[in-house]
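This is what each chain is made of:
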Amino acid sequence: MAIQGWVLIVLLWVSCAEAEYMVYDTTSKIVPGKLNVHLVPHSHDDVGWLKTIDQYYVGSNNSIQVACVQNVLDSMVPALLADKNRKFIFVEQAFFQRWWRTQSEAIQETVKQLVSSGQLELINGGMCMHEEAATHYIDMIDQTTLGHRFVKQEFNVTPRIGWQIDPFGHSAVQAYLLGAEVGFDSLFFARIDYQDRAKRKDDKTLEVVWRGSKSLGSSAQIFSDAFPAGNYEPPSHFHYEINDDDSLIVQDDKSLFDYNVPQCVNEFISAALSQANVTRTNHIMWTMGTDFKYQYAHTWFRQMDKFIHYVNQDGRVNALYSTPSIYTDAKHATNESWPIKTDDYFPYADRVNAYWTGYFTSRPSLKGYVRTMSGYYLAARQLEFYKGRSKAGPNIDSLADALAIAQHHDGISGTSKQHVADDYAKRLSIGYDEAAQMVEMSLGCILESSSKTGCRSPTTKFQQCPLLNISYCPSSEVDLSNGKNLVVVVYNPLGWKREDVIRIPVIDEKVTVKDSGGKVIEYQLLPLQNASLAIRNYHSMAYLGRSPSTTPKYWLAFPASAPPLGFNTYFISRVKKPAPHAKSHVMHSSELSKSGTIEVGLGALKLVYSGNGGKLLRYTNSRTKVNATVDQSYSFYAGDDGTKDKRDASGAYLFRPNGSYPLKSKGKASFTVLRGPILDEVHQKTNSWIYQIARVYKGKEHAEFEFTIGPIPIDDGFGKEVVTRITTGIRSKKTFYTDSNGRDFIERIRDFRKDWHLEVNQPIAGNYYPINLGMFIKDDKEELSVLVDRAVGGSSIVDGQVEIMLHRRLVHDDDRGVAEALNETVCVLNKCTGLTIVGKYYLRIDPLGEGAKWRRSFGQEIYSPFLLAFTEQDENSWKNSHVVSFSGIDPSYVVPDNVAIITLQELDDGKVLLRLAHLYEVGEDKDLSVIASVELKKLFANKKIKEIKETSLSANQGRAEMEKKRLVWKVEGPPKDDPKVVRGGPVDPATLVVELAPMEIRTFVLAFN
């Protein structure tokens, strides 16, 4: 009877608590005096990582990861329409534009209304959430511009928030250039060093005003917020994707068991108060989402609706749907004073011994390919402008899209799965092919002097050589015995006249070279080494599926010059015998000096090697009086396998060395010197998998080091991370300088962080920094500079020494999500070998204060090499029917030495996008760190500018409009800590002269008559 009575009571209770339709009150706004919890719904969608971008978009290959961005966007629209208070942010335009193109007009109109009302906010706005360590600033600008202009065109809005929540550390250039200078009011991110984050939580300094540029100071500052948990997820238990197994589900139906509204409200408030204790003001943000969430958006919004309703009924805190823009405005409205942050957030470690500094070098071939294509894209846009853009093609659009996608923080970083890295490279290759067609057509039109008449099909057919890095160039490996000439057009994308040495493979020594005027010029023949031929034969088969039909015997080297934004033409023809002294000769022991050394170099610069084994001993420059001891060597770090603490092996992300091992040449046979009239070469074979050529060119005052590394052996079971070290007597006092995305140089001090007391647990990996342009060390007399041809990692582990990591091959995964060892291979006929890379770095030693000129000017030449195009024709016939020299600017004019033209591009509407960049920082050079002026009338001598409008960096709004609405943030500290910033003045429409202050980039949209 007692049991029957209990059952009767339960049944009565259930019958009394009938379920009913519930309307949740989500109308909450900001409440002064309360803690406001801003719920920001978002989905972080990688533009390639474990799956390719298209696999992620359509939802295929789900055995790797269940993710479909198309579902996210499809699901988002009805979820927002269901409640006008709901909000959502979306970031990656590469996905959004794929989706947008396939929507009906009705859906597009609905989405436009959602954007206009603020329910849907498109933030960041670039094609991807770009990487910040391995990206070049020009690529960052280009990919952001591509997305921003689309958003402006389709929705008439300008993104105002930077949302870099997943990159692995954060750069100064991101803050001031890709933040403040594109018009952002704030910048949000998650990943900062675990020690830094702990201190900032204690000090309540996670939120700062970041002044990333010492040259632009407060004029380019931005409010920045590092998320307190070090990730971009909701607090624990507040995840609501289908099948999330740790979700705190609000069960508010009293007719069912497990009613838990009070418990849920208490947990929500507890998590909110915990976060409020480490941040300032009465506003906190919850990032309600993570990777590829909201594939069924209703599961998230249902729970957030309930939390907002019940938490606000409780009244202790205020919860609301929000966006980063609303949150930023709320923070600004508090009138709080914020601490100032300078420099950057590198390197990043997420826990003890886990420094994410390996990816600075990971996948060096992909990094090199991206950099090569980036420079090519800059030149191709210029040539498209001179010819006239064709929407129907060929054009540069495909390459622009491929480059933009490759900037993703799991793209150029080298942290994707191998098949995804292959996909990035494939897209670049396809993009290059179309851009190359456009380049060849443009050159043909200009050469035939028909560009003014709308040339579309020139008769001259050019070829290019994208595989010159493996000594493969069918266009130059031609038989000239038929009397024809090999015509070489040398285009210079820089704004000043330039001279450099061209090197192309040829099959015969019986050649001569003439310039545009028909004058025979000096040249040099260098034998093609067996090491180069082996790479050529293997990799041409790998890339093209066939072996080369010819075998060149020589490199033909000759000096070439070209006017600014223009070209010169060179003619290579067959002769009965080569010019005297044209062939390089091998140095013999009789040429050793009395001290037993070998001196290499044809001008002021000399490299001195020991005659016994070829050790580099000295670097001397008779012009600058530099006479420095120097040693250059190779070593490798053994990659830690993580067994010590059962975690954190060296991998795609992490650099965790377990011992350093020097690599030394063995015997005289590995050391060969070639001399000639153009350059000297020193060939050194360190071992079976490292080969190096050091070059000193006549008239140049730097040394070039070309390295061939690979396949790195791993048959001993150990991964290896290969570095080169340049050691000098410079007393650098633990201090060195590395660039930020190829732009500003930042001071680094070994085992030291300016913002907190560093607990050193990885003395090598913890002192590595990203390098895109170069690094240098100095003392009170001299400075040593090293420039690179792609993104790498580097450091100064020992005073007087510079160390650069060039290649890495590893056998363990580092447990950061990619689930693959970084073990790149190249396969031919079902046989795979480890990846071999060919690259270059450049070395120069200057008196103190004189190195910046070389770093900045030659750095531009590395980024923008000569563009070469080849064809065959009789020399006299060519001169009668073609222009042999061309410059797109006034022939009497050159752009100042401290200015680069980083964008010259015709837009779809016929207007022209122009960007000019000052190359120097304040105080960097005594002569060139000054205001520079560019005369647009002379830059566009053949056109008349009808209209000029200065814009934001991403060209999606007027500059004046951007400055007018920029938020001004109060900062801690006295005003004297903010020195006066100099900027270039307004452009007079009559004189059309653009002024640029140090580190300033100015962007214009031009219209021509």
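Scroll up a little and you will see the structure.
The rules behind each value
Residues numbered from 1 in each chain as written. Predicted model: local features only at pLDDT ≥ 70, side-chain atom pairs only at ≥ 80, totals over all residues. Heavy atoms only, no water. Salt bridge = Lys/Arg side-chain N within 4 Å of Asp/Glu carboxyl O. Helix = DSSP H or I, 4+ residues; strand = E, 2+ residues; numbered from the N terminus. Buried < 20%, exposed > 50% of the residue type's maximum accessible area, 1.4 Å probe, protein only. Phe/Tyr/Trp six-rings, centres within 6.5 Å; stacked < 30°, edge-to-face > 60°. Pairing = 2+ DSSP bridges. Expected span 1.5 Å × (residues − 1). Contact = heavy atoms within 4.5 Å. Core = buried A, V, L, I, M, F, W, Y, C linked by side-chain atoms within 4.5 Å.

Draft legend 1. The pattern of salt bridges, seen in detail. Inspection of the entire model under this criterion finds 67 salt bridges. Between arginine 915 and aspartate 142 there is a salt bridge, and its shortest N-O distance comes to 3.9 Å. Taken together, the positions of arginine 915 in strand E44 (residues 912-918) and aspartate 142 in helix H6 (residues 137-155) put the pair 773 residues apart, joining distant regions of the chain. We classify arginine 915 as buried; its relative accessible area is 0%. Notably, a salt bridge pairs arginine 856 with glutamate 921, separated by 3.3 Å at the nearest N-O pair. Residue arginine 856 is found in helix H16 (residues 851-863), and its partner glutamate 921 is found in the loop between E44 and strand E45 (932-935); the two are separated by 65 residues along the sequence. When sorted by exposure, arginine 856 lands in the same class as glutamate 921, which is buried. Salt bridges sharing common partners tie together Glu181, Arg959, Glu963, Arg966, Arg983 and Glu1000.

Draft legend 2. Structural detail: the packing of aromatic side chains. Under the counting rule described, the total for this entry stands at 54 aromatic pairs. Here tyrosine 376 and tyrosine 432 contribute two aromatic rings whose centre-to-centre distance is 4.9 Å and whose plane-to-plane angle is 55°, an arrangement assigned as tilted. You can see tyrosine 376 sitting in helix H12 (residues 364-387) and its partner tyrosine 432 sitting in helix H14 (residues 418-447), a full 56 residues away along the chain. Tyrosine 376 sits in the buried class, given a relative accessible area of 10%. For tyrosine 432, a relative accessible area of 9% translates into the label buried.

Draft legend 3. Spotlight on the sheet that holds strand E31 (residues 735-739). Pairing is antiparallel in the open sheet, where 10 strands are placed in the order E20-E26-E27-E28-E29-E40-E35-E34-E31-E32. Both edges of this open sheet fall to strand E20 (585-586) and strand E32 (745-749), since each of them pairs with a single strand only. Where strand E27 (residues 679-687) meets strand E28 (residues 690-697), eight bridges bridge the pair, whose relative direction is antiparallel. Paired with leucine 679 across the strands is tyrosine 697, a residue of E28.

Draft legend 4. A look at helix H10 (residues 298-314). If you check H10, its first and last C-alpha atoms are 24 Å apart, about what 17 residues at 1.5 Å a residue would give, namely 24 Å. The buried fraction of H10 amounts to 12 of the 17 residues, a majority that puts the element mostly inside the structure. Among all positions of H10, only Thr299, Trp300, Phe301, Gln303, Met304, Asp305, Lys306, Phe307, Ile308, His309, Tyr310 and Val311 are buried. Against the buried residues of H10 lie strand E1 (36-41), helix H3 (69-81), strand E2 (88-90), helix H9 (261-276), strand E8 (283-288) and strand E9 (318-321). Positioned one or two residues after H10, glycine 315 has a phi angle of 90°, which is positive.

Draft legend 5. Highlighting the pairing of strand E24 (residues 626-639). Burial within E24 is extensive, with 11 of its 14 residues counted as buried. Relative to E24, strand E23 (residues 616-621) runs antiparallel, the two sharing four bridges. By the bridge assignment, arginine 618 is partnered in E24 with threonine 629. Linking E23 back to E24 in an antiparallel pair, the connection comprises four residues, with lysine 625 at a positive phi of about 70°. As paired elements, E24 and strand E30 (residues 720-728) share nine bridges and run antiparallel to each other. In the sheet register, tyrosine 634 faces E30, and the bridge partner there is threonine 724.

Draft legend 6. Molecular detail of unusual backbone geometry. The amide bond that connects phenylalanine 346 to the next residue, proline 347, takes the cis arrangement and shows omega of -10°. Looking along the chain, the bond that leaves glycine 710 and enters proline 711 is cis, with omega of -10°. Among the structural elements, proline 711 can be located in the loop between strand E29 (703-709) and E30. Despite not being glycine, aspartate 751 shows a phi value in the positive range, around 60°. When you line up the elements, aspartate 751 lands in the loop between E32 and strand E33 (769-771).

Draft legend 7. View of the nonpolar core. Membership of the largest hydrophobic core comes to 188 residues, with the highest contact counts inside it found for Phe96, Leu120, Phe268, Leu443, Tyr609, Ile709 and Leu939. At 12 residues, H14 tops the list of elements feeding residues into this core. Look past the residues within four positions of isoleucine 709 in its chain and what remains in contact with it is Tyr634, Trp689, Ile690, Val722, Leu806, His807, Leu835, Thr836 and Ile837. Counting residues in each nonpolar core, the second largest holds 38 residues, with Tyr137, Ala175, Val182 and Leu919 among its members.

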